[in-house]
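What follows is the residue order along each chain.
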Amino acid sequence: MFARLVYESFRRQKRRKVLAGVAITLGVTVATAMIAVATDIGDKINRELRAIGANLVITPQEDSLDVEIGGVNLKPPSDGAFLNEADLPKIKEIFWHNNVTGFAPVLPVTVSIEVNGRGRQDATLVGTYFAKHIPLGKEEFVTGVRSTYPWWKISGSWPADDSRDVLVGERLAARMDLKPGEQLAVSDRQLRVSGILSTGGVEDDQMVASLALAQEILGKPGAVRRIYVSALTKPEDAFARRDPKSMSGAVYDRWYCSPYPQSIAFQLVEAIPHSHAEQIRQVSQNEGAVLSRIEGLFFLITLAALFASALAVSAAMATAIFERRAEVGLMKALGAGQIAVAAVFFGEATLLALASGLAGFAAGAVLARQIGQSIFNSQISIQPILLPVILGIAVIVTFAGSAVAIRRAVSLDPVFALRGAQ
Amino acid sequence: VSEPVSHAPSNVARNVAASRVQAPHPSMFLRMLVRAAILRRGRAASALLAMVVAAAVTTTVLNLYVDVQAKLYREFRDYGANVILVGRDHSSLPADALSHVDSTLAGHGVAAPFAMVVARTTTGQPVVVVGTDFDRVRQLNRWWSVSNWPAAPQQALVGVRASSTVAPNSQPFDLAFQGRTLRIIPAGTVQTGAAEDSRIYLSLADFAAWSGVEPSTIEVAADGSPEKISAVMNQLAQAIPAADVRPVRQIVEGEARVLGKTRSTLLAATALIVLTSALCVLSTLMGWVSDRRRDFAIMKALGASGRLLNGFFAAEAAILGATGALVGFIAGIGIAAWIGRVNFHAAVVPRFSVLPAVLAGSIVVTLLSAILPISLLRRVQPAAILRGE
């Protein structure tokens, strides 16, 4: 009898059920999309923040002081220690290798340059990766300044990592009157300028070439002065700043397995022999602040969205039940108890909430994907665990929305209800 | 005798009835509106509550959407300079350059001067020595991890890497530049993970007296939108022709990228929330109007015109919408201010420009959601409704 009542109610009152169902579906859609966006926004913004540049730097352990003013290196070029280029792929083998979005080695060399007899000039040539393909097992990892420094602008074209082309910083190029495609003599080698580089930083007074070329000019194959690493990190807290040497086993594991800038730096030192890794505080300290603000904002906005959609669902349910007072009156007049009447309504509400919740979840997942695609050019993934949570919330909210209306409907005297009085 | 007397009231009644048909009595109209709200306190209150919540949530997100950009600009200023002034051809900047920068910024930003030379320690190790204004640097480069800021003359801030080479036990040491020697007392170390770690920082007064070199660089962190920053750059370029004014693209472009994406996501969220709020209002009002179908039927049976009925229900909905919107607006501003305090540690400025949008939006949505059920009801015969069908 109960099943039949519920079934007939859905069959005969299609319009009302569709109206309430649409409200629940829309509410759940918004809730799902907002929860998905809010849980993923931290990761997305973290990736965007990588556009500000590397947040970790690896230097040789026994390095001499850098003596550099305005992009001009005054340190004797072969002075100090070097890292080994062969160790670079190990950066993608550390515990948090998936968080390493890119790295770029640098090797500055002081060279004297000459263009068609227009006078000699000393300048710094920096050897690095542009978009180097690094084999990692079966896969290839492409990294270099093109991904770690997205604000570098080139007029002309990027040199290939195996070419002997160079980029010339825009202020140096202006002083030497150089244009893309021209030849210049760098330490007695004829090289082609493939592009003019503009960065707004010290590189504007320098030249940039492939790492192999810089190593050849310096006469030190495999040498790397510094490695800049771009990694997704978690905002640092008091725990992150603790000294790993003073930690006990379990605490150390927890520290090691959290993507703090400190723990990733620690792992980089483990991976690269004779190295010292450190966070670049300008980048890493501030991204934590920006990230936590944006995450906090979206958490609160999501609360607002959940609240609004819960209210919309409740209002729709209340309306649907208010319209059916006469039915309640009839059921009660035929001898149904208050519990039986309430059970019918709650049964209907559960069914409606589950069906609409499923539809809303699917629609919300699509919406979240659309938002991810159009804003971040990457997908916002929905955790499957979200489905039972969302359905649970949908049922609870639908119940809560119906409860007041059902109570009022059930407590109504059948005589008044049937007569249509208030 | 009595005939003329008895005629008069019926004439009056007829006249009144005729005038009522043409123009509904305003006090009756008002009374119906007020009584409806009083008699169904519960229903009216729950409908109003839904309106208030919908308007409050909408106001909150709109306010945040308008204000959040300004808040995030401020967060990004902690990244340090976004504009840099350099003397042309590596020359020093004019002596009044910093005061020009300060007057151009007019409190909306920080600027710090830097002068640099390469000096040698007693062992012949070259090291970059920088003269600067510590108070300004402290505001500009908040990410510097400094153990102790110098306070007295001749005290210096030594980069952590320089420290281990020149003053491993933070003992005083000598620096020589062009034959002149300066005794330096390390006050503390600075750690940044960048070039600063290899440098020694002195106060500008000590530095100028020792080396005779004037600042060649001013780093500026200008507040505000990209348009404001480029306006500041233009003003600076005009005020100090001897300087080359450049944006720090690393910071400016990264900021634009992150802010753009955040704003777009927030816009999508705002659109969703406004849509949900409208939906909430719609289902509440549909309930409210269909709940009053008996009143509707009685009015219709007593001869109310379709226009009057529409006007009556529309007025009811509009009043509900406007009241809800006003109360919700106040609540929403409160919530936005609270979010500003909790999340950004700064007040979110109430944007009264949001009020007309919220008010107009609420009234439009309420009118729409009232008209929909009325047009459904109008097709029904009053008798059928009154019979309870």
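Per chain, residues are indexed from 1 in the order of the written sequence. All chains are assigned letters beginning with A, and all ligands numbers beginning with 1, in the order in which they are written. Owing to the predicted nature of the model, reporting of local features is limited to residues with pLDDT of at least 70; listing and counting of side-chain atom pairs is limited to 80 or more, with chain, interface and lining totals taken over all residues. Derived side-chain values reflect all non-hydrogen atoms in the structure, with water molecules and hydrogen atoms excluded from consideration.

### Considering the overall build of chain A
Reasoning step 1: Summing up its helical and strand segments, chain A has 12 helices and 16 strands in all.
Reasoning step 2: The reference for a compact globule is 2.2 Å times residues^0.38; the radius of gyration itself is calculated from the C-alpha atoms. A compact globule built from 422 residues should have a C-alpha radius of gyration of about 22 Å, whereas chain A, at 33 Å, is more than 25% larger.
Reasoning step 3: Judged by the C-alpha coordinates and their principal axes, chain A covers about 110 × 55 × 40 Å.
Reasoning step 4: Across the 422 residues in chain A, those meeting the buried criterion constitute 56%.
Reasoning step 5: Of all intrachain contacts in chain A linking residues separated by at least 6 positions in sequence, the fraction that spans at least 24 positions is 75%.
Reasoning step 6: Only the protein chains shown count as covering a residue, and every accessible area follows the Shrake-Rupley method with a 1.4 Å probe. When the accessible surface of chain A is split by element, carbon and sulfur atoms take 59% of a total near 17900 Å². Here a strand is any run of E in DSSP of at least two residues, a helix any run of H or I of at least four, and the numbering for each starts at the N terminus. A simple rule labels every residue: compare its accessible area, found with a 1.4 Å probe on the protein chains alone, to the largest value its type can have, and call it buried under 20%, exposed over 50%, or partly exposed in between. Residue contacts are counted whenever heavy atoms from the two residues lie within 4.5 Å of one another.

### Some details on the interface of chain B and chain A
Reasoning step 1: Each partner contributes residues to the interface: chain B has 69 residues there, and chain A has 73 residues.
Reasoning step 2: Buried area is calculated as the accessible area (1.4 Å probe) missing from two parts once they are joined, with the contributions of both summed. Interface area, chain B with chain A, both sides summed: about 6300 Å², of which 66% is carbon and sulfur.
Reasoning step 3: Salt-bridge detection follows one rule: a side-chain nitrogen of Lys or Arg within 4 Å of a carboxyl oxygen of Asp or Glu. Linking chain B with chain A are 4 salt bridges, by the criterion used here.
Reasoning step 4: Residue Glu48(A) is joined to Arg257(B) by a salt bridge in which the shortest nitrogen-to-oxygen separation is 2.9 Å.
Reasoning step 5: Contacts described as polar in this section are N or O atom pairs within 3.5 Å, which, within protein, must combine one atom able to donate a hydrogen with one able to accept it, while residues neighboring in sequence count only if both atoms come from side chains. Viewed at the interface, chain A and chain B are joined by 14 residue pairs in polar contact (both at pLDDT 80 or more).
Reasoning step 6: No other element matches helix α9 (residues 249-291) of chain B, which puts 27 residues into the side of chain B that touches chain A.

### Examining a nonpolar patch on the surface
Reasoning step 1: Patches here: salt-bridge-free residues with over 30% relative accessible area, like charges joined within 9 Å, nonpolar side chains (Val, Leu, Ile, Met, Phe, Trp, Tyr) joined within 5 Å. On the surface, a nonpolar cluster with roughly 320 Å² of combined accessible area is contributed by Val18(A), Val22(A), Leu26(A) and Leu275(B).
Reasoning step 2: For the nonpolar patch, the leading source of residues is helix α2 (residues 14-49) of chain A, giving 3 residues.
Reasoning step 3: Residue placement: Val18(A) occurs in helix α2.

### Things to note about the side chain of Arg77(B)
Reasoning step 1: As for its placement among the helices and strands, Arg77(B) is situated in helix α3 (residues 41-77).
Reasoning step 2: A residue is classified by how much of its surface remains accessible, and Arg77(B), at 7% relative accessible area, is buried.

### Concerning the confidence of the model for chain A
Reasoning step 1: Confidence of the predictor at the level of single residues is given by pLDDT, which spans 0 to 100. Taken as a whole, chain A shows an average pLDDT of 85; of its residues, 96% reach a score of 70 or greater.
Reasoning step 2: At the low end of the mean pLDDT range in chain A sits helix α12 (residues 414-419) of chain A, at 71; at the high end sits strand β13 (residues 207-210) of chain A, at 94.

### Describing the packing of aromatic side chains
Reasoning step 1: Aromatic rings from Phe, Tyr and Trp, with only the six-membered ring used for Trp, were paired whenever their centres fell within 6.5 Å, and each pair was classed as stacked if the ring planes differed by under 30 degrees, edge-to-face if by over 60, and tilted otherwise. Summed over the entire model, instances satisfying the criterion amount to 19 aromatic pairs over all chains.
Reasoning step 2: With 6.1 Å between their ring centres and 55 degrees between their planes, Phe95(A) and Tyr256(A) make a pair best called tilted. With Phe95(A) in the loop between β4 (83-84) and β5 (100-114) and Tyr256(A) in helix α6 (residues 249-256), this residue pair connects regions lying 161 residues apart in the sequence.
Reasoning step 3: Grouped by ring-pair contacts, the aromatic residues Phe95(A), Trp96(A), Tyr252(A), Trp255(A), Tyr256(A) and Phe266(A) constitute a single cluster.
Reasoning step 4: Put simply, a charge is over a ring when the Lys NZ or the Arg CZ is close to the ring centre, within 6 Å, and near the line of the ring normal, within 35 degrees. The ring of Phe141(A) has Lys92(A) sitting right over it, with the charged end atom 4.3 Å from the ring centre.
Reasoning step 5: The ring centre of Tyr65(B) lies 4.6 Å from the NZ or CZ of Arg263(B), which sits over that ring.

### A closer look at unusual backbone geometry
Reasoning step 1: Although it is not a glycine, Asp188(A) adopts a positive phi angle of roughly 70 degrees.
Reasoning step 2: Note that Asp188(A) resides in the loop between β11 (183-186) and β12 (189-198).

### Remarks on the nonpolar core
Reasoning step 1: In this text, buried Ala, Val, Leu, Ile, Met, Phe, Trp, Tyr and Cys residues form a nonpolar core when linked through side-chain atoms within 4.5 Å. Within the largest apolar cluster, 65 residues are counted, with the highest numbers of intra-cluster contacts made by Ile45(A), Leu49(A), Ile294(A), Leu297(A), Ile301(A) and Phe76(B).
Reasoning step 2: Counting only elements with at least two residues in this core, the list comes to α2, β5, α8 (281-322) and α10 (338-376) of chain A together with α3, β1 (83-87), α9 and α11 (306-344) of chain B.
Reasoning step 3: Examining the composition of this core, we find that 11 residues originate from one element, α8(A), more than from any other.
Reasoning step 4: Setting aside chain neighbours within four positions, we find Ile45(A) in contact with Leu291(A), Ile294(A), Phe376(A), Val258(B) and Thr262(B).

### Concerning the pairing of strand β2 (residues 109-121) of chain B
Residue and element names in this part refer to chain B.
Reasoning step 1: When DSSP finds at least two bridges between two strands, those strands are taken to pair. With 6 bridges connecting them, β2 and strand β9 (residues 217-222) associate as antiparallel partners. Looking across to β9, one finds that Pro113 is bridged to Ile218.
Reasoning step 2: As defined by bridge partners, β2 adjoins strand β3 (residues 126-132) across 7 bridges and the pair is classed as antiparallel. Residue pairing for β3: Val118 is matched across the bridge by Val128.
Reasoning step 3: Adjacent in sequence and paired antiparallel, β2 and β3 are bridged by 4 residues, among which Gly124 carries a positive phi angle near 90 degrees.
Reasoning step 4: Direction of pairing for β2 relative to strand β6 (residues 173-177): antiparallel, over a ladder of 2 bridges. Following the sheet pairing, Arg120 is matched in β6 by Ala176.

### As for the environment of Trp158(A)
All names here are of chain A.
Reasoning step 1: Within the secondary structure, Trp158 is located in the loop between β9 (153-156) and β10 (165-169).
Reasoning step 2: When its relative accessible area of 22% is taken as the criterion, Trp158 is described as partly exposed.
Reasoning step 3: Distance in space between the C-alpha atoms of Trp158 and Arg146 is 8.9 Å, their sequence separation being 12 residues.
Reasoning step 4: Aside from chain neighbours lying at most four places away, what touches Trp158 is Phe130, Val145, Arg146, Trp152, Leu167 and Ser194.

### Overview of the pattern of salt bridges
Residues and elements named next belong to chain B.
Reasoning step 1: All chains considered together, the criterion is met by 26 salt bridges over all chains.
Reasoning step 2: A salt bridge links Asp78 to Arg142; its shortest N-O distance comes to 3.1 Å. Here the residue Asp78 occupies a position in the loop between α3 and β1, and Arg142 occupies one in the loop between α5 (134-140) and β4 (145-146), the gap between them amounting to 64 residues.
Reasoning step 3: Relative accessible area serves as the criterion here: at 22%, Asp78 is assigned to the partly exposed category.

### Digging into helix α9 (residues 325-333) of chain A
All names here are of chain A.
Reasoning step 1: Among the residues making up α9, those that are buried are Arg325, Val328, Gly329, Met331 and Lys332. For α9, the buried positions fall inside an angular range of 165 degrees around the axis, keeping them on one side.
Reasoning step 2: Trailing α9 by a residue or two, Gly335 shows a phi angle of about 105 degrees, which is positive. Each direction from the helix axis to a C-beta atom contributes to the arc, which is the arc of those directions.

### Quick word on the confidence of the model for chain B
Predicted coordinates in regions of low pLDDT should not be interpreted in detail.
Residue and element names in this part refer to chain B.
Reasoning step 1: Scored by pLDDT, chain B has a mean of 83; 92% of the residues are at 70 or more.
Reasoning step 2: Confidence drops under pLDDT 50 across residues 1-7; counting only partners more than four residues distant or on other chains, this segment forms 0 contacts.
Reasoning step 3: Prediction confidence for the complex, expressed as pTM and ipTM, is 0.80 and 0.81 respectively.

### Overview of helix α10 (residues 293-301) of chain B
Reasoning step 1: Restricting attention to buried positions, one finds in α10(B) the residues Asp295(B), Phe296(B), Ala297(B) and Met299(B).
Reasoning step 2: At the C-terminal side of α10(B), Gly303(B) shows a positive phi close to 100 degrees.

### Concerning the pairing of β12(A)
Residue and element names in this part refer to chain A.
Reasoning step 1: Of all 10 residues in β12, 7 are buried, a share of seventy percent or more.
Reasoning step 2: When β9 meets β12, the two strands line up antiparallel, connected through 4 bridges. Each residue of the ladder has a partner; that of Ser155, found in β12, is Ile196.
Reasoning step 3: Sheet topology places β10 next to β12; 5 bridges connect them, and they run parallel.

### Considerations on the environment of Gln262(A)
Reasoning step 1: Within the secondary structure, Gln262(A) is located in helix α7 (residues 261-271).
Reasoning step 2: For Gln262(A), the residues in contact, after removing those within four places along its chain, are Glu236(A), Ala240(A), Arg241(A), Trp255(A) and Gln279(A).

### Topic: the packing of α3(B) against α9(B)
All names here are of chain B.
Reasoning step 1: Convention adopted: a line fitted to C-alpha atoms gives each axis, helices being fitted over their contacting stretch, and angles between N-to-C directions are expressed from 0 to 180 degrees. Where α3 meets α9, the closest approach of the two axes is 9 Å, and the angle between their N-to-C directions is 175 degrees. Comparing their axes, α9 and α3 come out roughly antiparallel.
Reasoning step 2: When residues are sorted by character, Ala, Val, Leu, Ile, Met, Phe, Trp, Tyr, Cys and Pro go into the nonpolar class, Asp, Glu, Lys and Arg into the charged class, and all the rest, Gly among them, into the polar class. In terms of residue class, the contact of α3 with α9 is built from 25 nonpolar, 8 polar and 5 charged. Oblique is the label for any angle not covered by the other classes, which are roughly parallel (under 35 degrees), roughly antiparallel (over 145) and roughly perpendicular (65 to 115).

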